[in-house]
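Overview (structure and organization)
Here are the chains, one letter per residue:
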Amino acid sequence: MNAQAMWLNPWISGLSFAESVPQWLLTACGLVLVYCLVIVPSGAVMGYLERKLSADFQARVGPNRAGPAGVLQPVADLLKLLQKQAAGDWNWREAIWLLVHTMALYSTVAVIPLGSLLLLVDTDMSAFLPFWSALVLALGTMFLGLSQGSVPGWFGGIRVAAQALAGAFPALIALLCAGIRAGGFRWSEIAAAQSSSPLLWTAAANPFQFIAFFVFVISGLVLLGIPPMDAAFSAPDIHGGVASHLSGRKLTVFRLGRFYCFLLWSVIAVVLFLGGWALPFGLSTELRNADNPRLLQVLELCWLLAKTFLLVLVVTWIAKVNPRSRVDQVTDFAWRVLSPFSLFALIGASLVAGWGAL
Amino acid sequence: MIESLKTDLTQWEIGPYDHSLPGPMLLRLRLDGELIVAGEVETGFLHRGLEKAFERQLWRSAIPYADRLDPEGAVFGELALCLAAEEIAALEVPSRAQSIRVILSELTRISAHMGYIVRVARAVGSETMVHYVLRDREKILDLFELATGARVSLNFLRFGGVQADVTEGFIERVLEICELLRIRLKEYNDLFTYNHAFIKRTRGIGTIAPEVARTFGVTGPNARASGISFDVRKEHPYSGYDFLDFEVPIGRRESQHLGDANHRFLLRLQEISTSIEILKQSAEAISPGPFALRKPEESFEVPRGEAYIRIESSRGLLGCHLVSDGGAYPARIQFRPPSLALLSVLPQLVRGIRIEDLPVVLATLDIGIAEADR
Amino acid sequence: MTGGPPMMRGSVFSTILGYLRDVLWGIRSVWGSCLTAIPYLFGSGELSKEVTEQYPDPISSKIADDLPPRSRGFLVNDIERCTGCKECERQCPVQCICVEAEPATDDTKIWVSVFDIDFSKCVFCGICAEVCQPASLKHTKNFEGAVYELPELVASFGRGWVTPEQRLKWAKLRQQIEDDRVTL
């Protein structure tokens, strides 16, 4: 429990008021700081990267007016959305959505693993918490969809629920595979089971884990409705589905939530399967021995985010080039391809782990 | 919330302005869950009174109006009008002008089919294909500007020939573009034809059976995708097509799901290939000579008579019925647009498909609301 | 999985084999599509160059001089050569040209008092330039004509209505020409 605020200690150790501040206040500040300094900028960077990357694929230029090379484009988009006239009052279903959305997503800020010292909540079930919050988020989005009195909203909401149910099962099984190799679902255990060399990453450990990695990423796309599996939010047929009636502040919250989900899932995938934050060439242990926690935190965070952005790049690439699948094809794919493969990977991973124990 | 759960059929109206529709039209759907049970089409939102506007124009000034019958295939409208007037007036078109007309027609056909690929890609959800195709289409539009001065509404054909000779370097550019497009067609195949996700989105969707195509008068690439072998360029050749050697692609009868969206898309890719062949032949065989037998500045009046002309536009059989009473203005013109048949077969096609298939069906049919409503 | 090859036998083994083949084919086709994007992202060829014309940034935007010689931009009329025959007004498909002309000192000189082209109606078809006998009406390649007020879109090339003083002068000149002819 003390780990919640421990990561702040290297930064405030010199300040005089650090002793008198109660623990809960430090924890709260820690959470807010992580949210503001890591999550929101990452969402902005991801939004910008997606536009620039798709422009690169398509021989276009992308945003280049707001700031040098368009880096202030997310700020411009945010300001534009915030100054729009509110479309109407919040009805009770939208209020439920906002509550669920906030609780489900932003509570994961406490759980997201961002470094060996930045683990805010490191319990035995830490790896499962973002997964459950994704399911709860799907429920909230379904409420939002059903709250709109129009066909796009209804169908968007129902599709979100269908995709979430279809994607949850393979995602869970793939998660189990990673945990089996690590021997537990604590972030620190999972990180300890992999280390800095790519050959020791979970995904490279054995072919079953490799399959589990792919299944995990793809079923995350299905669960969260991320392109190319974004039939629940698709534009041509249902005008954005759940988001078709949102504008202004509601749309900002919705979009931030979508970017954050994608980022969250990518971070989890990297930590579980791609070695997490372990710096290459054993730098982690060196910095730990040299007792330089601030540099360690920052470097590990940067390395983790770099790998995450690479994963995001690959997924965006596949999403932009390939057509979108129909929602029943997505759920079909999840139940008939992802689930058998994930079970196969689980059986294989258990056998390998059990063999090692013999 | 239970009391407000609806379990009967849902009514949904799409249109008249919607980005999944090919133009302004209203689609009234009755949905059972995600399945469409019934659909009604209402058109007329883009009626401009084009046929009446012809009656107020001098003969030469009517050609820009024919351009705007189908803005995506401007040359086809012009060609229909000019051929009809030339038949009434028994005007002979020199062979150089015929070659130029064939070149412009095939370039327009390729450009229209590229626009088609763009619409299908948007409906299916692949934004990248959109930009790749548009980039190549720009080269064709630049070629039009080189030859005629305008990119889309060319206003280049005249009664008895074309308005001016093609500039130097035009023929070389045409041959260059043929080579370029052949390479790019391979890329489009890689991106879509063999792509599993695309095939799943389009196979078996919106199938037009051959009997249905015959009953409703569907022509053009849609009918050929259903296996009906009918191309006006072969059946009633015009403007020198009978001297050209080309194979018209037709859907093979033994393939499964003949006439579905996938076949319609693939057929148009093959048609681009055929058009490239025709372009090469015309460009290489173009003979020096006059580009028109009359001076373009001269005023022209069509003598009394009437004619019906059929040409193969990018969407199908475009018919033009022209009546002249010998005056300075056309007496009556009536176009038979190929998209009208598609609008009448649409209610049958949307029955039984899912909502997500609707943009795919609409896009693969290549309906032109501008020519259907005139 | 829909869209795969038809089953040959109903045995479990061939079903599983067909299923695996479908999955493999799906992965391969998706990967093949992704590979087509590589030349756009990396590579030095023509494909990786951006197509966007960043108008009005002079980096990559076309100006009027870059356009082909026949491009139909805004029209200009050389009023010195114009004979006021009104053929362009007659042939224009949208009747956007308004011409008023009258003979000046003698019938060989025509004073074109009004020559207005309403570019809000013009469709840039080129028929007026085609039928202009003295070749005074021509298309330029200029395409930038955005204005803030609609009446600003009317381009006037005429010399203006004839004033009474001018009419008196012309009458005198005409009288002089008549007298010269009579005396010759």
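What you are looking at is a predicted structure, and each value in this text was computed from that prediction instead of being measured.

Turning our eyes to something else, we now look at the domain arrangement of chain C. The domain boundaries assigned to chain C delineate domain 1 (6-42) and domain 2 (69-183). Placing the centre of domain 1 of chain C and that of domain 2 of chain C at their C-alpha centroids yields a distance of 69 Å.

On the chain B side, the residues contacting the 28 residues of chain A number 35 residues. Both faces considered, chain A and chain B share a buried interface measuring about 2700 Å² in area, 59% of it formed by carbon and sulfur atoms. Between the two partners, chain A and chain B, sit 4 salt bridges. In this structure, the salt-bridge partner of Glu356 of chain B is Arg159 of chain A, at a minimum N-O distance of 3.8 Å. At the boundary of chain A and chain B, one finds 11 residue pairs in polar contact (both at pLDDT 80 or more). Broken down by secondary-structure element, the contributors of at least two residues to the side of chain A that touches chain B are α6 (129-147), α7 (151-182), α11 (235-238), α14 (293-321) and α15 (327-357) of chain A. For the side of chain A that touches chain B, the element with the highest residue contribution is α7 of chain A, accounting for 5 residues.

For the rest of this paragraph, the subject is the pattern of salt bridges. One pass over the full model with this rule turns up 46 salt bridges over all chains. Between Arg186 of chain A and Asp124 of chain A there is a salt bridge, and its shortest N-O distance comes to 3.3 Å. Of this pair, Arg186 of chain A sits in the loop between α7 and α8 (187-193) while Asp124 of chain A sits in the loop between α5 (92-107) and α6, and the two are 62 residues apart along the sequence. Residue Glu271 of chain B is joined to Arg224 of chain B by a salt bridge in which the shortest nitrogen-to-oxygen separation is 2.3 Å. Here Glu271 of chain B, found in helix α11 (residues 261-285), pairs with Arg224 of chain B, found in helix α9 (residues 221-225); they are 47 residues apart in sequence, far enough to count as distant. Each member of the pair, Glu271 of chain B together with Arg224 of chain B, is buried. Bridged by salt links that share partners, the residues Arg159, Arg326 and Asp328 of chain A together with Glu34, Arg354, Glu356 and Asp357 of chain B form one connected network.

Turning our eyes to something else, we now look at the packing of aromatic side chains. Summed over the entire model, instances satisfying the criterion amount to 28 aromatic pairs over all chains. Between the aromatic rings of Trp317 of chain A and Trp31 of chain C, the centroid separation amounts to 5.8 Å while the plane-to-plane angle is 65°, which identifies the pairing as edge-to-face. Taken as a pair, Trp317 of chain A in helix α14 and Trp31 of chain C in helix α1 (residues 12-35) lie in two separate chains rather than in one. Chaining the aromatic ring pairs together yields one cluster made of Phe210, Phe213, Phe214, Phe216, Trp265 and Phe273 of chain A. Over the ring of Phe233 of chain A we find Arg258 of chain A, and its NZ or CZ is 3.8 Å from the ring centre. Here Arg268 of chain B stacks its cationic end above the ring of Tyr116 of chain B, 4.2 Å away from the centre of that ring.

Before going further, it helps to spend a moment on the packing of α11 of chain B against helix α13 (residues 357-365) of chain B. Residues and elements named next belong to chain B. Put simply, α11 and α13 touch, their axes get as near as 9 Å, and they point 35° apart. The crossing of α11 and α13 is left-handed. Residues Ala261, Arg264 and Arg268 of α11 pack against Val360, Val361, Thr364 and Leu365 of α13. For the contact of α11 with α13, the per-class residue count stands at 4 nonpolar, 1 polar and 2 charged.

Take the interface of chain B and chain C next. Across the contact, 40 residues belong to chain B and 33 residues belong to chain C. Overall, the association of chain B and chain C removes approximately 3100 Å² of surface from exposure, summing both partners, and the carbon and sulfur fraction of that is 48%. One can count 2 salt bridges joining chain B with chain C. In this structure, Arg60 of chain B engages Glu130 of chain C in a salt bridge whose closest nitrogen and oxygen atoms are separated by 3.1 Å. Scanning the region where chain B abuts chain C turns up 17 residue pairs in polar contact (both at pLDDT 80 or more). Where the side of chain B that touches chain C is concerned, the elements lending two or more residues are α2 (63-67), α5 (127-148), α6 (170-193) and α7 (196-202) of chain B. Of the residues contributing to the side of chain B that touches chain C, the split by class is 15 nonpolar, 11 polar and 14 charged.

Residue and element names in this part refer to chain A. Along the polypeptide, Leu343 turns up in helix α15. When its relative accessible area of 35% is taken as the criterion, Leu343 is described as partly exposed. Between the alpha carbons of Leu343 and Thr285 there is a distance of 36 Å; along the sequence they are 58 residues apart. Among residues more than four places away in sequence, those in contact with Leu343 are Phe169 and Ile173.

This next bit is on the sheet that holds strand β2 (residues 97-103) of chain C. Residues and elements named next belong to chain C. With antiparallel pairing, 3 strands are arranged side by side in an open sheet as β2-β3-β5. Each edge of the open sheet is held by one strand with a lone partner, namely β2 and β5 (154-156). Averaged over all neighbouring strand pairs, the angle between strand axes comes to 10°, with direction disregarded. Relative to strand β3 (residues 110-118), β2 runs antiparallel, the two sharing 7 bridges.

Looking now at α6 of chain A. The end-to-end C-alpha separation of α6 of chain A is 27 Å, in line with the 27 Å expected for 19 residues at 1.5 Å each. Burial runs high along α6 of chain A: 14 of the 19 residues are buried.

All names here are of chain C. According to the stated counting rule, one finds 0 disulfides over all chains in the structure shown. Considering cysteine sulfurs only, Cys85 is the nearest to Cys88, which forms no disulfide, with 6.3 Å between them. Look at Cys88 and you get buried, because its relative accessible area is 9%. For the unlinked cysteine Cys92, the closest cysteine sulfur is that of Cys96, found at 3.6 Å.

Before going further, it helps to examine unusual backbone geometry. All names here are of chain A. Cis geometry marks the peptide bond from Pro227 to Pro228; its omega dihedral reads 5°. Positive phi outside glycine occurs at Ala69, with the angle close to 60°. Within the fold, Ala69 resides in the loop between α3 (23-57) and α4 (73-82). On the accessibility criterion, Ala69 (44% relative accessible area) is partly exposed.

To continue, consider a nonpolar patch on the surface. Side chains of Val71, Leu72, Val75 and Leu79 of chain A sit close together on the surface and give an oily, nonpolar patch of about 350 Å² of accessible area. Residue Val71 of chain A is classed as partly exposed on the basis of its relative accessible area, which comes to 45%.

The rules behind these values
Residues numbered from 1 in each chain as written. Chains lettered and ligands numbered in written order. Predicted model: local features only at pLDDT ≥ 70, side-chain atom pairs only at ≥ 80, totals over all residues. Heavy atoms only, no water. Domains from an automatic or database assignment. Contact = heavy atoms within 4.5 Å. Buried area = accessible area lost by both parts, 1.4 Å probe. Salt bridge = Lys/Arg side-chain N within 4 Å of Asp/Glu carboxyl O. Polar contact = N/O pair within 3.5 Å; in protein donor to acceptor, adjacent residues only side chain to side chain. Helix = DSSP H or I, 4+ residues; strand = E, 2+ residues; numbered from the N terminus. Buried < 20%, exposed > 50% of the residue type's maximum accessible area, 1.4 Å probe, protein only. Phe/Tyr/Trp six-rings, centres within 6.5 Å; stacked < 30°, edge-to-face > 60°. Lys NZ or Arg CZ within 6 Å of the ring centre and 35° of its normal. Axes fitted to C-alpha atoms, helices over the stretch in contact; angles between N-to-C directions. Left-handed = near helix turned anticlockwise from the far one by under 90°. Nonpolar A, V, L, I, M, F, W, Y, C, P; charged D, E, K, R; others polar. Pairing = 2+ DSSP bridges. Expected span 1.5 Å × (residues − 1). Disulfide = S-S within 2.5 Å. Patch = residues over 30% accessible without salt bridge, like charges linked within 9 Å, V, L, I, M, F, W, Y side chains within 5 Å. Areas by Shrake-Rupley, 256 points an atom, 1.4 Å probe, with all protein chains shown as cover.

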